Amino acid sequence: MAYVPGVALLAALVVGCSAGSDSNANGADSKAGSPTVTPAPPGKYLTLPAPCRAVPRGTLKDLLPGAAELPGDQQEKVFRGSASVTYDTDRKVGCSWKSDAPNATRSLSIDFERVVSYDPAVSDDDRADTVYAKKEKAAGLSSSATPGPDAEKNTGTPGEKEKGKGKGADAEKPEDPAGGATASADPSSSSSPSGGAGEGGAGGSGVSPEDALPSRVLDNLGDAAFLHDLPTRAGSTAQHRTVSVVFRTSNVVVTVRYAEQPALVTQVPDSKELQEKAQALARKLAETLSE
């Protein structure tokens, strides 16, 4: 019986400590729960497609003239493509193809980038939109100020010319034939006597306004898209032209680059053809991602 008071005291201490712990835990929970932030929704895409199998063989034959006439082993090598070096295939992948024909060299590359936001308050889609917007700005374009593809129909009007020049191809590269065509809609200002796409000087001055469509924001392609047409001269050799189509769908940003370098200095790459084929491929890739 002499030990009963000690046992009672010990029991009281245990109860007191337990009560104190519960009180502290409840207090911590209430403090942690007060600034609750609802996590932003994740992006639609958790993986990326195999890039070198993303373009059908028939499409590659159309985009790479001359490849179909190569011997079997060389043809397979061209159509197989070359995968981009990447250290995380869940986040970024790409593939490129190249074909050398007697009259020109064509090259194609595609890149897929899956964007993930590590900020719970920012969704993957919003983060991807930021990544896309930086690419659009680097191309000298702006979704809020650049007209869509329908603007090319009105390149002769002053209002449309100002829109195209403010944020379009002119702002990035003065010698860009796309901007030159927009600014010189009057046939008398063309530097080519025939106005055709036959022989062009520096910057592709021989390309007619109908063929040299400007860089621009595109409609009805993913959640946002733009086309960038960049002509350059490879030293003293023939002109080289690269058309890029970049679009975003949910949390994935896709880039298509299609380029041509003619074999002769007097030849100018067909801007309209390159743009149409690059856009067609971009739309196929967008449909594939949506499946």
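The structure presented is a predicted model; accordingly, all values stated were derived computationally and were not measured.

Definitions and cut-offs
Residues numbered from 1 in each chain as written. Predicted model: local features only at pLDDT ≥ 70, side-chain atom pairs only at ≥ 80, totals over all residues. Heavy atoms only, no water. Buried < 20%, exposed > 50% of the residue type's maximum accessible area, 1.4 Å probe, protein only. Helix = DSSP H or I, 4+ residues; strand = E, 2+ residues; numbered from the N terminus. Pairing = 2+ DSSP bridges. Phe/Tyr/Trp six-rings, centres within 6.5 Å; stacked < 30°, edge-to-face > 60°.

Q: Any chance you could explain the pairing of strand β7 (residues 252-262) here in plain terms?
A: Looking down a regular strand, the side chains alternate between one sheet face and the other. The element β7 is largely enclosed, with a buried count of nine among its 11 residues. Pairing geometry for strand β3 (residues 104-114) and β7, over 11 bridges, is antiparallel. Its bridge partner being in β7, Ala104 is matched across the sheet by Pro262. One ladder, built from nine bridges, connects strand β6 (residues 239-249) with β7; its direction is antiparallel. Along β7, the bridge assignment pairs Arg248 with Val253.

Q: What should I look at first to understand the packing of aromatic side chains in this one?
A: Each pair of aromatic rings is reported with the distance of its centres and the angle of its planes. Taken as a whole and assessed by the stated rule, the structure comprises one aromatic pair. Ring centres of Tyr132 and Phe226 lie 5.7 Å apart, and the angle between their planes is 50°; this geometry places the pair in the tilted category. Of this pair, Tyr132 sits in helix α4 (residues 124-138) while Phe226 sits in strand β5 (residues 224-233), and the two are 94 residues apart along the sequence. The exposure class of Tyr132 is buried, given its relative accessible area of 2%.

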